[in-house]
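Take a look at the letters that make up each chain.
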Amino acid sequence: MSVTLKGLAWDHRRCWGPLDASIPDWQAAHPDHQIHWDRRSLYEFGEGRLDEAVRTHDLVVFDHPFVGEIARDRLLVPLDDYLDRETTRAFEADSVGKSWQSYQSGGHQWALPIDAAAQVAAYRPDLFEAFADAPPRTHEEVVTLGRKVVARGKHLGLPLVPTDAMCLIITGAESSGHVIGASPEVFLGHDAVAEIVDRLRELAALSHPSSWSWNPIRCFDHMIAHDDVVYVPFAFGYVNYASRAEAPHLRFADIPATPPKGSLLGGAGIGVSAFSQNRDAAVAYALHLCGADYQRGDYVTAGGQPGSLAAWTDAAVNEATRDFFADTLATLQGSYLRGTHPGFITFFRACAHQAQAAIKGELSASDLADWLNARHAETAGALAGSPA
């Protein structure tokens, strides 16, 4: 009996490259299987809806903050029944940072970590060498570098679209040792928000004017196409800019924090739709995609950024990617897992534009703190009033 699996990826080679590359060998080994991957935008991946996607696709690659809604509405298949103890322990041991944990909710595992990422630092090595011998390790060192760069007609870079601005607020808090969500009424204290906003305004003043319209991809594309951005202290890493054969290329490094902890965890998971008529086949294929052997082999060769720690520490993988993984692993291992409860995405969306406005100076840090805490309290209240 023929089986057709339809999957939904996000539209970047880092995601669809290794998925498309997996099809010929998988179909050769499973002649009764047909696999097709659709794509959606990065914005839809991070802020779109899953309830419609799971009704039309057997497999979905998604951002982990959706897991609260997934668990609440049972949109995906809990993978617990498909993973024996040995397999579960293997995935737990092979997790990059809290990637494996990030797809858990309500006592179930809702996805496998297929991709791992966090906000890391990036630079153009051919430009950077004129200003410093090694990437900055503190905020003060970034500012010193930025002033040198600006004095010579160049810039730092910093993705500052609303989504990334809010990510920067969270990374800034965690990397500075502030407690996020200490109570149902407080997401971040006023003093903490003031400190973080001041630092980000200082970085923004030294950054390229287009930074306000940049997400990481736009930032890195600009760095490759132009010679005026030397270094980026915080942006979600993309291995494709390190492994590219053409000149110039980018190098990546840990965030400027000592130790490099608190960076916001990103990445992607792959789950099986609760509406799929081919659950067993979909789970088997997902396990193949996320297995260490494929992850450190064809997954990387095809442009992917694996979720497997075995791939991140593999010598051949790092040689092929100019040490992208080795040079940022400490940041990933110390990264921060944002909320995965129902309502977190709504909270995040409600705060993103306010975060950008505060960094721009259009909103006071105090007003941003009030906004964050009020939205946080609304989410906590909704959770308290929801059925168990």
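You'll find the structure just up there.
Small disclaimer: the values here were computed from a predicted structure and weren't measured. What you see as residue numbers is a count from 1 along each chain, following the sequence as written. Where local features are concerned, this predicted model is filtered to residues with pLDDT of at least 70; where side-chain atom pairs are given and counted, the filter is 80 or more; whole-chain, interface and lining totals use all residues. Note: side-chain values were computed over all heavy atoms of the structure, leaving out hydrogens and water.

Student: Please clarify how the environment of A274 should be interpreted in this entry.
Tutor: Under the DSSP-based scheme used, a helix requires at least four consecutive residues in state H or I and a strand at least two consecutive residues in state E, with every element numbered from the N terminus. Along the chain, A274 turns up in the loop between β11 (268-272) and α12 (279-290). Taking C-alpha positions, A274 is 5.4 Å from L75, a pair spaced 199 residues apart along the chain. The contacts of A274, once residues within four sequence positions are left out, are R74, L75, L76, V77 and R279. Whether two residues are in contact is decided by their heavy atoms: any pair within 4.5 Å suffices.

Student: I tried to follow the side chain of D228 on my own but got confused; where do I start?
Tutor: Residue placement: D228 occurs in the loop between α10 (216-225) and β9 (229-236). No salt bridge is formed by the buried D228, whose closest oppositely charged neighbour, K154, lies at an N-O distance of 7.1 Å. Side-chain polar atoms of D228 contact the side chain of H208, separated by 3.2 Å. With residues near it in sequence (within four places) discarded, D228 still touches K154, H155, H208 and H222. Burial classes follow relative accessibility: with a 1.4 Å probe on protein chains only, a residue under 20% of its type's maximum area counts as buried, one over 50% as exposed, and anything between as partly exposed. Asp and Glu count as negative and Lys and Arg as positive, but His and the ends of the chain are not part of the count. When a carboxyl oxygen of Asp or Glu lies within 4 Å of a side-chain nitrogen of Lys or Arg, that pair is called a salt bridge. We define a polar contact as two N or O atoms separated by no more than 3.5 Å, with the added condition that, inside protein, one atom must be a possible hydrogen donor and the other a possible acceptor, whereas residues neighbouring each other in sequence contribute only through side-chain atom pairs.

Student: Would you explain the pattern of salt bridges in this entry?
Tutor: Within the structure shown, the criterion is met by twelve salt bridges. Close ionic contact of D293 with R296 constitutes a salt bridge, the shortest N to O distance being 3.4 Å. A residue is classified by how much of its surface remains accessible, and D293, at 61% relative accessible area, is exposed. Between E378 and R375 there is a salt bridge, and its shortest N-O distance comes to 2.9 Å. With E378 and R375 both in helix α19 (residues 365-385) and three residues apart, the pair spans about one turn of that helix. Take E378: its relative accessible area is 48%, and that puts it in the partly exposed class.

Student: Mind showing me how you'd approach the state of the cysteines here?
Tutor: Covalent bonding between the sulfur atoms of two cysteines defines a disulfide. Only a pair of cysteine sulfur atoms within 2.5 Å counts as a disulfide in this structure description. Applying the stated criterion across every chain, the model contains zero disulfides. Free of any disulfide, C15 has its nearest cysteine sulfur in C290, 11 Å distant. A relative accessible area of 5% places C15 in the buried class. Between C167, a free cysteine, and C351, which holds the nearest cysteine sulfur, the sulfur-to-sulfur gap is 12 Å. Among the residues examined, C167 registers a relative accessible area of 3% and is labelled buried.

Student: Can you help me understand helix α9 (residues 190-205) in this one?
Tutor: An α-helix turns once per 3.6 residues; consequently, residues spaced three or four apart project the same way. For a helix, the expected span equals 1.5 Å multiplied by the residue count minus one. With 16 residues, α9 extends 22 Å between its outermost C-alpha atoms, agreeing within 8% with the 22 Å of an ideal straight helix rising 1.5 Å per residue. Listed in full, the buried residues belonging to α9 are A192, V193, I196, V197, L200, L203 and A204. Within α9, the buried residues cover an arc of 120 degrees as seen down the axis, which keeps them to one side. Of the residues in α9, the exposed ones pointing more than 90 degrees away from the buried face are D191 and A205. As used here, the arc is the angular range of directions from the helix axis to the C-beta atoms.

Student: I would appreciate a short explanation of the sheet that holds strand β10 (residues 251-253) in the present structure.
Tutor: Strands pair in a sheet through their backbones, by hydrogen bonds, and they do so in one of two ways: parallel or antiparallel. Taken in spatial order, the four strands line up as β8-β9-β7-β10 in an open sheet, and their pairing is mixed. Only two strands of the sheet have a single partner each, and these edge strands are β8 (155-156) and β10. Axis definition: a line fitted to C-alpha atoms, over the contacting stretch in the case of helices. Angles run 0 to 180 degrees between N-to-C directions. Against the sheet, α10 makes contact with β7 (119-123), β9 and β10, and its axis sits at roughly 160 degrees relative to β9, the strand it touches most. Along the sheet, helix α17 (residues 324-333) makes contact with β7 and β10, crossing β10 at roughly 25 degrees. DSSP bridges decide pairing: two strands pair if at least two such bridges lie between them.

Student: Explanation requested: the environment of A194 in the structure shown.
Tutor: Topologically, A194 is positioned in helix α9. A relative accessible area of 27% places A194 in the partly exposed class. Taking C-alpha positions, A194 is 9.8 Å from A358, a pair spaced 164 residues apart along the chain.

Student: Looking at this structure, how should I read the packing of helix α8 (residues 162-175) against α9?
Tutor: Packed helices, taken two at a time, are described by the angle between their axes plus the distance between the axes. Running from N to C, α8 and α9 point in directions that differ by 115 degrees, and their axes come no closer than 9 Å. Note on packing geometry: the crossing formed by α8 with α9 is right-handed. Here α8 contributes L168, I169, G172 and A173 to the contact with α9, which in turn contributes I196, V197 and L200. Considering only residue class, the contact of α8 with α9 consists of six nonpolar, one polar and no charged. For a crossing to be left-handed, the near helix must be turned anticlockwise from the far one by less than a right angle; the clockwise case is right-handed. Nonpolar residues are Ala, Val, Leu, Ile, Met, Phe, Trp, Tyr, Cys and Pro. Charged residues are Asp, Glu, Lys and Arg, and all others, Gly as well, are polar.

Student: Please clarify how unusual backbone geometry should be interpreted in this entry.
Tutor: Phi is mostly negative for residues that are not glycine, and the peptide bonds are mostly trans. In this structure, the amide linkage connecting A247 to the following residue, P248, adopts the cis form with an omega of -5 degrees. Within the element layout of this structure, P248 appears in the loop between α11 (240-243) and β10. With omega at -5 degrees, the peptide bond leading from T258 into P259 counts as cis. Backbone geometry places R322, a non-glycine residue, at a positive phi of 50 degrees. For R322, the location among the structural elements is in the loop between α16 (315-320) and α17. With relative accessibility at 28%, the residue R322 sits in the partly exposed group. Despite not being glycine, D323 shows a phi value in the positive range, around 60 degrees. Within the secondary structure layout, D323 lies in the loop between α16 and α17.

Student: How should the packing of aromatic side chains be read in this particular structure?
Tutor: The geometry of an aromatic ring pair is captured by two quantities: the separation of the ring centres and the angle between the planes. Stacked, edge-to-face and tilted are the three classes for Phe, Tyr and Trp ring pairs, Trp counted by its six-membered ring, which pair at centre distances within 6.5 Å; planes under 30 degrees apart are stacked, over 60 edge-to-face, the rest tilted. For the structure shown, the criterion picks out 19 aromatic pairs. Relative to F347, the ring of F344 lies with its centre 5.8 Å away and its plane at 50 degrees, an arrangement referred to as tilted. Placement of both F344 and F347 in helix α18 (residues 344-360) is noted, with a separation of three residues, approximately one turn of the helix. Of the two residues, F344 and F347, neither departs from the other in class, the shared state being buried. The rule is short: NZ of Lys or CZ of Arg within 6 Å of the ring centre and within 35 degrees of the ring normal puts a charge over the ring. Above the ring of Y238, the side-chain terminus of R14 is found at 4.5 Å from the ring centroid. Lying across the ring of W16, R39 places its NZ or CZ 3.9 Å from the centre.

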